[in-house]
There are 2 protein chains.
Amino acid sequence: MKVLTTYNTLLEDAIQQENLPLGPANLYDPLRYFLQLSGKRMRPMLSLMACKLYDTDFQKALPAALCVEYFHNFSLIHDDIMDAAPLRRGQQTVHIKWNPNIAILSGDVLLVKAYGLLAKYDAQIFKALFDIFNKTAIEVCEGQQMDMDFELRQEVSEAEYIEMIRLKTSVLLGCALQMGGIVGKAGSENEALLYEFGEQLGLAFQIQDDLLDLYGESAQVGKQIGGDVLANKKTLLSIHAKKVATTEAMLALNTTEKLENPLEKIEQTQKLYSKLGAKLYCEEKMALHHSKALTALEKIESTQSKHDLQELAEFLFARTH
Amino acid sequence: MKVLTTYNTLLEDAIQQENLPLGPANLYDPLRYFLQLSGKRMRPMLSLMACKLYDTDFQKALPAALCVEYFHNFSLIHDDIMDAAPLRRGQQTVHIKWNPNIAILSGDVLLVKAYGLLAKYDAQIFKALFDIFNKTAIEVCEGQQMDMDFELRQEVSEAEYIEMIRLKTSVLLGCALQMGGIVGKAGSENEALLYEFGEQLGLAFQIQDDLLDLYGESAQVGKQIGGDVLANKKTLLSIHAKKVATTEAMLALNTTEKLENPLEKIEQTQKLYSKLGAKLYCEEKMALHHSKALTALEKIESTQSKHDLQELAEFLFARTH
């Protein structure tokens, strides 16, 4: 998608140009390494696109965009320690390539550097950016804690699960868009709509992730499918399946959960969830949040075209088509 | 010291009143626990005292003071993980009482909450506070990394060691004072002097710590002495001793380092360091930084009495007398 590539190039250049200090090497080398593993840069892209709705000179949103990207990477570095994850985007995680202490501390300084980027704006804009960013940062930590708590719990309700993914994932998309809007001087109503667009997009995106992990095609998703099922992870699929299961279906779910052959376990789960209507339920939920996102986007009053944001929203959900 | 008790009571009340959220409990309970282990509250006290030099309504510096205290506690929670320390102020550390993941994440959110406290000020003051705080936060992380790096190195120069303790400890004292000055509208020259007072005080304080760890009396210091020596930790004492040692003295130092009887090792090291002039050298260095601190304090132009800051500076060094 060409329009995404343009933003991406701009962001990669900006990240390069930030020039983190050279020393202490054990503090900054891990950050240089991790920031260059380059994901989709979806969050900072949202900031730029939101600003561009109101200002063709949307590069002024770069510091805000990088702030969001730094924050996202800080949270990944620390989450990877907590999840004991060996790989991220196919490469070694910081706590493996260096060690956990270095991963803690370099994550810390990246969070501090994220805040620092906001100080490039004048006092009024800075304060507005800071307020939404700080609120979001707290929520992301709370979402991560809920996620860890849920792993140890027997039962998690759908409402609790949705609140967890909202905090852990969606609010940062909302924040990225709102920050772009603030830099572009969108006005408070449009800023709120930009936030809502991102929040709903994030919910749809995370539910799609749950679906793709079980029903996606490996080649399309870019990783082996069934990871959530093999790890007995709670997802909207599993929560809904358990909720609607009859006693008989519950027995089948429990038996499937204990299967040792991974392919068999994945296949049986796919069938069971489909039969119980969990697949359809999630698809409908995803579509609902996607549609809410598009409604918010429609309501936004902008001086420039909304084309890029519409295209990004479509692109994100092309994964399932 | 009565004047300190007054500030302390004020700070303890303010910390109580901050009312951290109740949930997720695994995120905020560790912070409530850790913040109530209550150290000396020296850093936030410095903010209040600095503000009081210019404004009798110095309670307006409370959010800035708590920001510094939150930051200090964030860094302790994460440092304790890195140092694998089981105890802090005689109580279990967060990563032991809960677990390392919870210690990482609750530390993270405490850092975010520290920033959040600054947003209580209006845009201009906020920006000024933010700038010095953000710069300091980066430096403290860099200092901690240097400290970890030094553990793995054979040789560390005095200049490197001083820079490490400046970053890890002193800049936060400078920051605390400068922030108090900013809230009190001290003006840039006085703010710089307040910072210098704190920075020099911090250097003197840390060198005193090195001295007390080996030459203090347990009852006075509040912990067993000789910890640094038993852990073969680099201090200004050990760095200077190695620097001035003849070949013969170096042999004695190496032999002493390998002694297995702790009491013998401490006693031999005390004697060797004294003989090599390291004790005297550190005492002179400490006195030098203490005197530089007092000179900066003298130069400060204030509308109110400097008595409290003078008394605190004296109190801190009463430990050696």
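Above: the structure in question.
A brief look at the structure comes next. Keep in mind the model is a prediction, meaning the values are calculated, not measured. (Residues numbered from 1 in each chain as written. Chains lettered and ligands numbered in written order. Predicted model: local features only at pLDDT ≥ 70, side-chain atom pairs only at ≥ 80, totals over all residues. Heavy atoms only, no water.)

The next thing to look at is the relation of the copies chain B and chain A. In screw terms, the move from chain B to chain A is a rotation of 180° and a rise of 0.0 Å along the axis, fitting with an RMSD of 0.0 Å. Here the copies are linked by what is in effect a two-fold axis. For chain B, the residue whose C-alpha comes nearest the rotation axis is B:A123, separated from it by 2.8 Å. A shared binding surface is used by both copies, with 100% of the interface residues of chain B retained as interface residues in chain A. (Least-squares fit on C-alpha atoms with pLDDT ≥ 70 in both. Contact = heavy atoms within 4.5 Å.)

So, about the packing of aromatic side chains. Inspection of the entire model under this criterion finds 19 aromatic pairs over all chains. With centroids separated by 5.4 Å and ring planes inclined at 55°, the aromatic side chains of A:F71 and A:F74 adopt a geometry described as tilted. Here A:F74 and A:F71 lie together in helix α4 (residues 62-82), a separation of three residues that amounts to about one turn. For A:F71, a relative accessible area of 1% gives the class buried. Judged by its relative accessible area of 2%, A:F74 falls in the buried class. Relative to B:F133, the ring of B:F71 has its centre 5.5 Å away and its plane inclined at 85°; by these criteria the two rings are edge-to-face. Residue B:F71 is located in helix α4 (residues 62-82), and its partner B:F133 is located in helix α7 (residues 123-151); the two are separated by 62 residues in the primary sequence. A relative accessible area of 1% places B:F133 in the buried class. Each member of the aromatic cluster is reached from another via a ring pair, and the members are A:F71, A:F74, A:Y115, A:F126, A:F130, A:F133, B:F71, B:F74, B:Y115, B:F126, B:F130 and B:F133. The ring of A:F34 carries the charged tip of A:R89 above its face, separated from the ring centre by 5.9 Å. (Phe/Tyr/Trp six-rings, centres within 6.5 Å; stacked < 30°, edge-to-face > 60°. Helix = DSSP H or I, 4+ residues; strand = E, 2+ residues; numbered from the N terminus. Buried < 20%, exposed > 50% of the residue type's maximum accessible area, 1.4 Å probe, protein only. Lys NZ or Arg CZ within 6 Å of the ring centre and 35° of its normal.)

Moving on to the environment of B:N134. On the secondary structure map, B:N134 appears in helix α7. The sequence separation of B:N134 and B:T247 amounts to 113 residues, and the corresponding C-alpha distance is 46 Å. Ignoring any residue separated from it by four or fewer positions in sequence, one finds B:N134 in contact with A:V112, A:Y115, A:G116 and B:Y115. A polar contact of 3.2 Å, which involves the side chain of B:N134, links it to the backbone oxygen of A:V112. (Polar contact = N/O pair within 3.5 Å; in protein donor to acceptor, adjacent residues only side chain to side chain.)

All chains considered together, the criterion is met by two cavities of 30 Å³ or more. Around the largest cavity sit A:L105, A:D108, B:F71, B:F74, B:S75, B:H78, B:D79, B:M82, B:V140, B:C141 and B:Q144, which together line it. The element contributing the most residues to the lining of the largest cavity is α4(B), with six residues. Residues belonging to the lining of the largest cavity are distributed by class as follows: six nonpolar, three polar and two charged. Every residue along the wall of the second largest cavity is listed here: A:F71, A:F74, A:S75, A:H78, A:D79, A:V140, A:C141, A:Q144, B:L105 and B:D108. Only α4 and α7 (123-151) of chain A together with α6 (100-118) of chain B provide two or more residues apiece to the lining of the second largest cavity. Per-element tally for the lining of the second largest cavity: the top contributor is α4(A), with five residues. A breakdown of the residues in the lining of the second largest cavity according to their chemical character gives five nonpolar, three polar and two charged. (1 Å grid on protein atoms, 1.4 Å probe; cavity = no way out; pocket = protein on both sides within 12 Å on 5 of 7 lines; lining within 4 Å. Points joined across faces, edges and corners; volume = space filled by probe spheres on them. Nonpolar A, V, L, I, M, F, W, Y, C, P; charged D, E, K, R; others polar.)

Taken together, the contact pairs 39 residues of chain B with 39 residues of chain A. Contact between chain B and chain A buries roughly 3,400 Å² in total, counting both sides, with carbon and sulfur atoms accounting for 73%. It is B:L105, B:V112 and B:Q145 that lose the most area in chain B upon contact with chain A, and together they represent 16% of the buried surface on that side. Across the chain B-chain A interface, the total number found is zero salt bridges. Where chain B packs against chain A, one counts 12 residue pairs in polar contact (both at pLDDT 80 or more). Of all the secondary-structure elements, those providing two or more residues to the side of chain B that touches chain A are α2 (25-35), α4, α6 and α7 of chain B. Counting residues per element, the side of chain B that touches chain A draws most heavily on α7(B), at 16 residues. When the residues that make up the side of chain B that touches chain A are grouped by side-chain class, the tally is 24 nonpolar, nine polar and six charged. (Buried area = accessible area lost by both parts, 1.4 Å probe. Salt bridge = Lys/Arg side-chain N within 4 Å of Asp/Glu carboxyl O.)

For side chains bearing opposite charge, pairing can occur when the charged atoms are close. One pass over the structure, following the stated rule, counts 32 salt bridges over all chains. In this structure, B:E18 and B:K120 form a salt bridge, with 3.1 Å as the shortest nitrogen-oxygen distance. Placement of B:E18 in the loop between α1 (2-17) and α2 and of B:K120 in the loop between α6 and α7 is noted, with a sequence separation of 102 residues between them. The exposure class assigned to B:E18 is partly exposed, which follows from its relative accessible area of 25%. Residue B:K120 is classed as exposed on the basis of its relative accessible area, which comes to 52%. Between B:K168 and B:D147 there is a salt bridge whose closest N-O contact spans 2.7 Å. One end of the pair, B:K168, is in helix α8 (residues 158-183); the other, B:D147, is in helix α7, with 21 residues separating them in the sequence. What makes B:K168 partly exposed here is its relative accessible area of 25%. Accessibility expressed as a relative area gives 12% for B:D147, which makes it buried. Among the charged side chains, a salt-bridge network with shared partners connects A:E12, A:R41 and A:E69.

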